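# Working through the structure, step by step
Letter by letter, the chains look like this.
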Amino acid sequence: MTTLPDPADSPSPVADVVLEGGGVRAVALVGAIDELATRGHRFARVAGTSAGAIVGSVLAAMTQSGEPLTRLDEITRSLDYAALRDRRGSLRWLDHTPKPFELLADALAVGLHSGAYSGDRLRDWLEGVLADLGVRTFGDLRIEDPERDPQLSDHYRLVVSVSDVSRRLFVRLPWDYGDYGLDPDEQSVADAVHASAATPYLFEPVELEGAHGVSTLVDGGLVANFPIGIFDRLDGHASRWPTIGIRLQAEVRSDTPVEPVRDPVHLGVALIETAVEGAQTTRAMAPHNLARTIGIDTTGVGSFDFDITPEQRDDLIARGRAAAKDFLDRREVEQSAQ
């Protein structure tokens with residue numbers, strides 16, 4: 001267990017960080033985090049959704065273990081995005097289906113397993129990365145905060161957003177494991193993040209057996225892709241350190257390129273992304289949330305462009321770093337003017 005720092009005693013700025021989901025575009029989060037760390041920031045708690053939960057879990061594990069955050073880029077580069085298109089069991093032969101037959105392969109996989117891809121390779125990669133950092137269960141991410149808000153269940157370095165479609169609930173893991181009759185300390189971090197990243201139709205849903213039966217868990221972005229207020233205190237006291245949110249869309253642009261939707265699977269994914277973006281825009285664009293959000297322009301890269309090139313990846317990281325630099329520079333000017 002790690003005790004959170006007292007900001008008054010810390011020589012470095014302390015912040016909570018909330019990471020938006022966005023598929024492969026989440027590479028840009030790495031650049032923003034790197035810039036924050038380079039400018040001296042330390043992270044108390046991390047929240048993330050979907051791909052933001054993937055990056056967030058690695059960040060939380062590195063912070064808990066005292067690993068230099070400069071390694072975040074190195075670790076995330078070890079993820080082979082193309083390999084994430086993995087089929088289940090007897091359908092693995094479809095991994096190498098010629099492009100003209102991909103639509104049929106996706107439809108068959110969705111019909112049999114409720115997802116074009118299993119998500120197993122993502123989970124296995126993450127489990128290995130976290131294990132190398134000494135993290136397997138949420139018990140390994142426990143923190144002690146004597147001054148915490150008693151109305152929040154924030155005993156952990158990490159919280160990920162998940163949608164329980166069986167119970168029609170927004171679930172915050174590990175905070176809500178108790179509602180399933182489960183001990184949060186004993187639950188796998190990789191399993192929770194896998195559930196948070198299980199985009200409907202694209203990746204198979206994850207099942208969680210609990211006190212209410214077996215729940216079907218999918219991408220937390222269905223309900224809260226950018227839960228910027230998740231660490232806000234509810235007890236009336238001011239937060240001891242700020243929350244910094246990192247979004248993967250800087251602004252709504254009239255010249256946003258058209259991305260053709262060519263098949264039913266990607267139509268389903270596009271519908272979900274559009275609904276998610278529309279549902280969260282009002283809250284994310286509120287003045288008090290904009291003031292604490294780094295917006296990264298990721299135009300030109302789709303959420304599920306698994307064939308992203310090394311050049312595109314480097315460009316996204318550079319965009320994230322530049323956006324964080326602008327955010328911090330503006331904040332310093334505002335603070336010096338007060």
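In what follows, the structure referred to is the one given above.
Attention here is on the structure that accompanies the text. (Residues numbered from 1 in each chain as written. Predicted model: local features only at pLDDT ≥ 70, side-chain atom pairs only at ≥ 80, totals over all residues. Heavy atoms only, no water.)

Turning next to the nonpolar core. I246 and I294 are the most contacted members of the largest nonpolar core, which totals 73 residues. Looking at this core, the element that brings in the most residues is helix α2 (residues 51-65), giving 9 residues. Those residues within four positions of I294 in sequence are excluded, and the remaining contacts are L36, I244, G245, I246, R247, A323, A324 and F327. If you look at the next biggest cluster of nonpolar residues, it comprises 8 residues, including V18, A47, W175 and I230. (Core = buried A, V, L, I, M, F, W, Y, C linked by side-chain atoms within 4.5 Å. Buried < 20%, exposed > 50% of the residue type's maximum accessible area, 1.4 Å probe, protein only. Helix = DSSP H or I, 4+ residues; strand = E, 2+ residues; numbered from the N terminus. Contact = heavy atoms within 4.5 Å.)

In total, this model carries 3 cavities of 30 Å³ or more according to the counting rule given. In this structure, the largest cavity occupies an estimated 270 Å³ of space. Forming the boundary of the largest cavity are 22 residues, of which G23, A51, I54, L79 and Y81 lie nearest the centre. For the lining of the largest cavity, the secondary-structure elements that each account for two or more residues are α1 (27-38), α2 and α5 (120-132). Across the lining of the largest cavity, the residue classes break down as 17 nonpolar, 4 polar and 1 charged. Of the pockets and cavities examined, the second largest cavity occupies roughly 90 Å³. Surrounding the second largest cavity, D16, R45, D145, R148, D149, L152, D154, F231, R233, S239, R240 and W241 form its lining. A per-class count over the lining of the second largest cavity returns 3 nonpolar, 1 polar and 8 charged. (1 Å grid on protein atoms, 1.4 Å probe; cavity = no way out; pocket = protein on both sides within 12 Å on 5 of 7 lines; lining within 4 Å. Points joined across faces, edges and corners; volume = space filled by probe spheres on them. Nonpolar A, V, L, I, M, F, W, Y, C, P; charged D, E, K, R; others polar.)

Turning next to the packing of aromatic side chains. Applying the stated criterion to the full structure yields 6 aromatic pairs. Judged by centre distance (6.1 Å) and plane angle (55°), the rings of Y117 and F203 are tilted. Taken as a pair, Y117 in strand β4 (residues 115-117) and F203 in strand β8 (residues 201-203) lie far apart in primary sequence, 86 residues in all. Exposure class is identical for Y117 and F203. Each is buried. With 6.1 Å between their ring centres and 50° between their planes, F304 and F306 make a pair best called tilted. Summarising the burial analysis for this pair, F304 and F306 share the class buried. The structure contains a cluster of three or more aromatic residues connected by ring pairs, namely Y117, F203, F304 and F306. The ring of Y180 carries R167 above its face, with NZ or CZ at 5.0 Å from the centroid. Across from the ring centre of F226, 5.7 Å away, lies the NZ or CZ of R247, which sits over that ring. (Phe/Tyr/Trp six-rings, centres within 6.5 Å; stacked < 30°, edge-to-face > 60°. Lys NZ or Arg CZ within 6 Å of the ring centre and 35° of its normal.)

Looking now at the side chain of S161. Checked against the element boundaries, S161 lands in strand β6 (residues 158-164). The class for S161 is buried, based on a relative accessible area of 1%. A polar atom in the side chain of S161 sits 3.2 Å from the side chain of T49. (Polar contact = N/O pair within 3.5 Å; in protein donor to acceptor, adjacent residues only side chain to side chain.)

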